[in-house]
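Structural features, examined
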2 protein chains.
Amino acid sequence: MSTILDIAKLAGVAKSTVSRYLNGGSVGEATKKKIEQAIKETGYSPNPFAQSLKAKKTNIIGTIVPRLDSYASSQTLIGIDEQLKKMNYQMLISNTSQSLEREIESIYSFANQKMAGIILLATEITDQHIQAFESVKVPVLLIGQEHEDFHSLIHDDFHAGYAMGRYVLEKGYRKIAYLGVTERDISVGVKRKQGFKKAIQEVADCDVRFYETLFNIPAAQESAKEIIDEFQPAIFVCATDNIALGVLKASYSEGITIPEDLAVTGFGGYDVTGIIHPGITTAKFFYKEAGESAARHIVGLVNERNVEKLTVSKFEIIERESVDNLFKRPL
Amino acid sequence: MSTILDIAKLAGVAKSTVSRYLNGGSVGEATKKKIEQAIKETGYSPNPFAQSLKAKKTNIIGTIVPRLDSYASSQTLIGIDEQLKKMNYQMLISNTSQSLEREIESIYSFANQKMAGIILLATEITDQHIQAFESVKVPVLLIGQEHEDFHSLIHDDFHAGYAMGRYVLEKGYRKIAYLGVTERDISVGVKRKQGFKKAIQEVADCDVRFYETLFNIPAAQESAKEIIDEFQPAIFVCATDNIALGVLKASYSEGITIPEDLAVTGFGGYDVTGIIHPGITTAKFFYKEAGESAARHIVGLVNERNVEKLTVSKFEIIERESVDNLFKRPL
DNA sequence: TTCATATTAGGAACCGGTTCCATTTAAGGA
DNA sequence: TCCTTAAATGGAACCGGTTCCTAATATGAA
């Protein structure tokens, strides 16, 4: 591997001149030619460590993600990555396997590695997170959770919840099981439910019960089975698509047909909800677009441009076969 | 951020002594104490760029992946990542969005960034790949494709194909559509088919036709529709789970019931094949375990230990509802 | 006590860039 | 033609570590 000094010697100039050439300083035409020639001959390319050492900063955005094997994560990462590439930044992924402790470690580790900025695909913001973000002097952007102290990009969980509530009511459903998750997850556990509740409160005669389960399919399946036995809802409104899939599995094993005997909705817009049969009605979020937007934001922050503190990403209700129109049913 | 010089001053020693302390050289007891104390006070942690600049090497394994949003990719990445962490290495992901050109770029870029080793989740090995690997002096490991010049870890596509063939025949199917992919993908397009063919050749009276489609679900759905019209197979043996999902969609829209009117099998063992109803019979590969194994291999190569050139990862046939037992059907 | 040999510690060079500063050269104005 | 000013270039210091070499100190054997 050749160094800047090799180029300098080959071109017969000082290495400072080569450096200036590379970084757009003032260099004469004749010298430019010689340096270009030397670089072409050797295939020289600067050592990024030497550059970062001096600059005390990289052009890398560290991205902390709780898991790699989720539709939301991978789509978001793809969006971030593609947009960063366009802006000549790199993305470095740290997968924490849903360990909050590893999240904290990653923050410090990214700071130590002189990342230009940090994006956190957040599930829960603890005091430790806040302390870590404040002690490292690196720009930070949260995705998926909102926090007053930091820049964040969230999905419109509240309005998605509201729209889903309206949708379900308009289809004629009144006996509803809302299958949510822990309230420690503000976006998924609180906001979606609040939006949904608001829609419910606007009509009378609703029999709605609220339940809580975990994020994974088997847990949701188990919960659904119990709820079906005790409450016999006409519809499950699930806080995530995975939970909806759990409900689907439960209904298969109970011999309940969808949507005739039981309707189901989800949140997320995961690919799988459209692949399976019946397709699941869901509130689709635009993860990839959100990732792209996040990339632009963090680069804005890195370059100390003015960036809105809170950005809200859109959603869309996708109608599929898992919900029937009760008003159109033959009597 | 404090530097090694700050620590040296605080402890009243030379910075070379601090460096020796950090790297396990000979340091007296009293000095050790002082340095420990200074490090604790400042929270010092070495600048990785300065270290890498001198060492001309990092402890990072660059991993090139054609896409992030596939079950196989994400599981493999998780396996690599977890194992590397255990061995005190880091993983850096480069997503190429299925562009071969970007794959080549990534190889050179990783070399330039002094990666200790490179793992490529390969789909196709071109001359450009070979040239790139040979010109950078970095250890390389291929996953998913085999090449005589490089170390590789592959799934046992041939035997999985054979086992799937045997399975299908044992269930009594004889009118079979094999829905494969391009032969440029040796593992998926050639090996699986060859294994399957071998099984077929062992029995008489088989009516098997071979088709080719793309990797994505809509394309597979389209192909399946045509094949159903022209050939009316009793079963689709699909080269990937995604293709099997396409067949499923096609049969829904054609009003064909699975497995009564048409059976389907896949390869891969994607989560979704077990979530949906009917579940898809598939040859499951152990992506995460393969990733872990790959991590151990590349680290072995980096440390110039002797590593087998070719490793074959296991598979398992998972029986689900998408295939019937024709021999047990009532007449 | 003296000499040989380990241990321990410090100083300086080096890794490969960037940047500041001083000097030379060229160009333009008077 | 001479002087001022701008452009082009080289030299040296610096970023924060590691490592080699040498010197000082301690240890143990004779």
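The structure presented is a predicted model; accordingly, all values stated were derived computationally and were not measured.

Mapping chain A onto chain B is achieved by rotating through 180° and translating by 0.0 Å along the same axis, at an RMSD of 0.1 Å. Expressed as a symmetry operation, the mapping of one chain copy onto the other fits a two-fold axis. Taking C-alpha positions as reference, the residue of chain A nearest the rotation axis is F49 of chain A, located at 2.5 Å. Taken together, the interface assignments show that 100% of the residues at the interface of chain A recur at the interface of chain B, consistent with an identical surface on both copies.

Turning our attention to the protein's contact with DNA strand C. Residues in contact with DNA strand C amount to 26 residues; listed here are only the nearest, I4 and S19 of chain A together with A14, G28 and T31 of chain B. The sugar-phosphate share of atoms of DNA strand C within 4 Å of the protein amounts to 57%. Here a phosphate oxygen of DNA strand C sits 3.3 Å away from a polar atom, N or O, in the side chain of N23 of chain A. Listed by contribution, the elements that provide at least two residues to the surface near DNA strand C are α2 (15-22) and α4 (48-55) of chain A together with α2 (15-22) and α4 (48-55) of chain B. No other element matches the four residues that α4 of chain A contributes to the surface near DNA strand C. Across the surface near DNA strand C, the residue classes tally to nine nonpolar, 12 polar and five charged.

Along the chain, A38 of chain A falls in helix α3 (residues 29-42). What A38 of chain A contacts, discounting residues up to four positions off in sequence, is I7, L10 and A11 of chain A.

The next point concerns the UniProt feature "domain: HTH lacI-type" (unreviewed entry) in chain A. According to UniProt, the positions carrying the feature "domain: HTH lacI-type" (unreviewed entry) are residues 2-55 of chain A. Along residues 2-55 of chain A one finds 70% helix and 0% strand; the C-alpha atoms at either end are 21 Å apart.

Next up on the list: the protein's contact with DNA strand D. Every one of the 26 residues lining DNA strand D counts as a neighbour, but R20, G28 and T31 of chain A together with I4 and S19 of chain B are closest to it. By atom count, sugar and phosphate contribute 57% of the portion of DNA strand D lying within 4 Å of the protein. S16 of chain A has a polar side-chain atom sitting 3.3 Å from a base nitrogen of DNA strand D. Those elements giving two or more residues to the surface near DNA strand D turn out to be α2 and α4 of chain A together with α2 and α4 of chain B. When residues of the surface near DNA strand D are assigned to their parent elements, the largest contribution, four residues, is made by α4 of chain B.

This part covers the sheet that holds strand β1 (residues 60-65) of chain A. Pairing between the strands of a sheet is mediated by backbone hydrogen bonds and can be parallel or antiparallel. Residue and element names in this part refer to chain A. Within the open sheet, the six strands sit side by side as β2-β1-β3-β4-β5-β11. Their pairing is parallel. The outermost strands of the open sheet, each flanked by one partner alone, are β2 (90-95) and β11 (310-313). Between one strand axis and the next, the sheet turns through 20° on average, direction left out of account. Both strand β5 (residues 151-155) and β11 contribute to a ladder of four bridges, which runs parallel. Among the inter-strand pairings, L153 is bridged to a residue of β11, identified as T311.

How each quantity is defined
- Residues numbered from 1 in each chain as written.
- Chains lettered and ligands numbered in written order.
- Predicted model: local features only at pLDDT ≥ 70, side-chain atom pairs only at ≥ 80, totals over all residues.
- Heavy atoms only, no water.
- Least-squares fit on C-alpha atoms with pLDDT ≥ 70 in both.
- Contact = heavy atoms within 4.5 Å.
- Near = heavy atom within 4 Å.
- Polar contact = N/O pair within 3.5 Å; in protein donor to acceptor, adjacent residues only side chain to side chain.
- Helix = DSSP H or I, 4+ residues; strand = E, 2+ residues; numbered from the N terminus.
- Nonpolar A, V, L, I, M, F, W, Y, C, P; charged D, E, K, R; others polar.
- UniProt positions renumbered as here; feature names shortened; annotations may be inferred.
- Pairing = 2+ DSSP bridges.
- Axes fitted to C-alpha atoms, helices over the stretch in contact; angles between N-to-C directions.

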